[in-house]
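# Coordinate inspection notes
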Amino acid sequence: MEKAVVTLNRFIIEEERKHPAATGDFTSILHDIALAAKLISRAVNKAGLIDILGGTGDENVHGERVQKLDEYANQVIFNALDHGGRLCLMASEESAEPIPIPKQFPKGDYVLLYDPLDGSSNIDANVSIGTIFSVHHRRDPRHGDGAIEDLLQPGTRQVAAGYVLYGSSTMLVYTTGMGVHGFTLDNSIGEFLLSHPMIRIPKPGKRIYSVNEAYSDRWSAEQRKLVERLKGKGRFSLRYIGSLVADFHRTLLYGGLFMYPADSSAPNGKLRLLYEVSPLSMVCEQAGGAATDGQRRILDIVPEELHQRVPIYIGNQEYVELANECIGG
Ligand code: P6P
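Predicted model, so just to flag it, every value in this text is computed and none were measured.

This part covers the sheet that holds strand E13 (residues 257-260). The strand order across the open sheet formed by five strands is E12-E11-E13-E15-E14, and the pairing between neighbours is mixed. The open sheet has two edge strands with one neighbour each: strand E12 (237-238) and strand E14 (290-292). Pairing analysis gives four bridges linking E13 to strand E15 (residues 312-315), with the strands arranged antiparallel. In the strand pairing of E15, Phe258 is matched with Ile314. The strands touched by helix H7 (residues 273-286) are E14 and E15; relative to E15, the strand with the most contacts, the crossing angle is about 30 degrees.

Given below as structure tokens:
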């Protein structure tokens, strides 16, 4: 008998059956995220063929040049999730303010925060890029529109987190707190199929450290000491793609330590807490790894603003603990 082909939908429904409290809301949210991922994957894979490369000339809230695919991905995710009646508010890296659910649609009990297309500066070079998402339950069971406090929640409160990697294949990796599961898009049938059940970060992890060493002149003495200590632990390789989802996915599957530290020009690092670092930290912890800002567990950090940045040390526990020792003192 051939092994059953487990689609994302089948997997989510089977997971939902294990949890009587599950209302099906999350099933619907993940289904809609998967639809958006398929549409973005199609556009990313065609990017070289249609005039969608290059900038729009516009800039996003962070003053970064917005690539056309960024805009497309941002719109696709909003359009896939604005009408399902499960969300009461959204937030995107591409939008300065929270994104309300259009008044003609019902409001639900969850909020979605997302980076629609991270690593977009790599689009023209055909380097893997990704979407990152984080789902929280609204803070209190009032109904109607959500509010900023529904978005500013610590990572420990995430009900789901994950990412989509648009690379040699398109993978969706997510967790709802019961392990990490990876699905690979089979374009011939348009389905995400379970390809990596219960992902665990290898222990011991490969001796890989991942950081942009070009900035070492701007690092603290403690950061420089950490990299020297890592190198001193035996032959390490440096791998840095410069696309967060790709660097994180490699760290999750091979082990190692990914870092985006604070430095003299970026006192809180570059990566955003709510829709980049926090969801990836939940995935990493659920796979047996760890994630800190050099001192605090990422998931414990209570956000103060929507686009807040944090330094990140994420990967094998032993390497993250070494980072805490060096950075946190
Ligand atoms: P740097 C891509 O622009 C990004 O936001 C992340 O995907 C990536 O990890 C980081 O920036 C790379 O930044 O400063 O090393 O070029």
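Going through the model one piece at a time under the given rule, you end up with seven aromatic pairs. Residues Phe236 and Tyr319 carry aromatic rings whose centres are separated by 5.5 Å and whose planes lie at 65 degrees to one another, so their mutual orientation is edge-to-face. A residue pair is termed long-range when its members are at least 10 positions apart, and Phe236 in the loop between helix H5 (221-232) and E12 and Tyr319 in helix H8 (residues 317-328) qualify at 83 residues. Tyr319 matches Phe236 in its accessibility class, with the two residues each being buried. Measuring from ring centre to ring centre gives 6.3 Å for Tyr240 and Phe258, while their planes differ by 5 degrees; the resulting arrangement is stacked. Taken together, the residues span a long stretch of sequence, with Tyr240 in the loop between E12 and helix H6 (244-254) and Phe258 in strand E13 at a distance of 18 residues. Among the aromatic side chains, those forming a connected cluster through ring pairs are Phe11, Phe26, Tyr174 and Phe183. Between Lys206 and the ring centre of Tyr254, over which it is positioned, the NZ or CZ distance is 5.6 Å. The ring of Tyr215 carries Arg218 above its face, with NZ or CZ at 4.2 Å from the centroid.

Its place among the elements puts Ala34 in helix H2 (residues 25-46). Judged by relative accessible area, Ala34 falls into the buried class, the value being 5%. For the pair Ala34 and Ile301, spaced 267 residues apart in sequence, the C-alpha separation works out to 28 Å. Aside from chain neighbours lying at most four places away, what touches Ala34 is Leu8, Leu172 and Phe192.

Further remarks concern the domain arrangement of the protein chain. You can read the domains of the protein chain as domain 1 (8-196) and domain 2 (208-327). Spacing between the C-alpha centres of domain 1 and domain 2 amounts to 23 Å. Taken together, the contact pairs 44 residues of domain 1 with 32 residues of domain 2. Between domain 1 and domain 2, a total of about 2800 Å² is buried, with carbon and sulfur atoms accounting for 67% of that surface. A per-residue breakdown of the area domain 1 buries against domain 2 is headed by Ile132, Leu152 and Tyr163, which together make up 21% of the total. Our count for the domain 1 to domain 2 interface comes out at one salt bridge. The closest approach of N and O atoms between Glu93 and Arg272, which form a salt bridge, is 2.8 Å. Linking domain 1 with domain 2 are 12 residue pairs in polar contact (both at pLDDT 80 or more), by the criterion used here.

The subject of this paragraph is the packing of H6 against H7. Packed helices, taken two at a time, are described by their axes: the angle between them and the distance between them. Across the interface, H6 lies against H7 with an axial gap of 11 Å and an inter-helix angle of 15 degrees. The orientation of H6 with respect to H7, classified from their angle, is roughly parallel. Crossing hand, H6 versus H7: right-handed. Residue-level contacts link Leu244, Phe248 and Leu252 of H6 to Glu276, Leu280, Val283 and Cys284 of H7. Tallied by class, the residues present in the contact of H6 with H7 amount to six nonpolar, no polar and one charged.

As a further point, take the pattern of salt bridges. What the rule picks out here adds up to 12 salt bridges. Linked by salt bridges that have partners in common, Glu285, Arg297 and Asp300 make up one network.

The subject of this paragraph is the pairing of strand E9 (residues 180-186). Counting buried positions over the seven residues of E9 gives five, a clear majority of the element. Sheet topology places strand E8 (residues 170-175) next to E9; five bridges connect them, and they run antiparallel. When the sheet's bridge partners are listed, Tyr174 is paired in E9 with His181. The loop that links E8 with its antiparallel partner E9 comprises four residues; one of these, Gly177, has a positive phi angle of about 100 degrees. Pairing of E9 with strand E10 (residues 191-196), which is carried by five bridges, proceeds in the antiparallel orientation. Following the sheet pairing, Asp186 is matched in E10 by Glu191.

Scoring rules and cut-offs
Residues numbered from 1 in each chain as written. Predicted model: local features only at pLDDT ≥ 70, side-chain atom pairs only at ≥ 80, totals over all residues. Heavy atoms only, no water. Pairing = 2+ DSSP bridges. Helix = DSSP H or I, 4+ residues; strand = E, 2+ residues; numbered from the N terminus. Contact = heavy atoms within 4.5 Å. Axes fitted to C-alpha atoms, helices over the stretch in contact; angles between N-to-C directions. Phe/Tyr/Trp six-rings, centres within 6.5 Å; stacked < 30°, edge-to-face > 60°. Buried < 20%, exposed > 50% of the residue type's maximum accessible area, 1.4 Å probe, protein only. Lys NZ or Arg CZ within 6 Å of the ring centre and 35° of its normal. Domains from an automatic or database assignment. Buried area = accessible area lost by both parts, 1.4 Å probe. Salt bridge = Lys/Arg side-chain N within 4 Å of Asp/Glu carboxyl O. Polar contact = N/O pair within 3.5 Å; in protein donor to acceptor, adjacent residues only side chain to side chain. Parallel < 35°, antiparallel > 145°, perpendicular 65-115°, else oblique. Left-handed = near helix turned anticlockwise from the far one by under 90°. Nonpolar A, V, L, I, M, F, W, Y, C, P; charged D, E, K, R; others polar.

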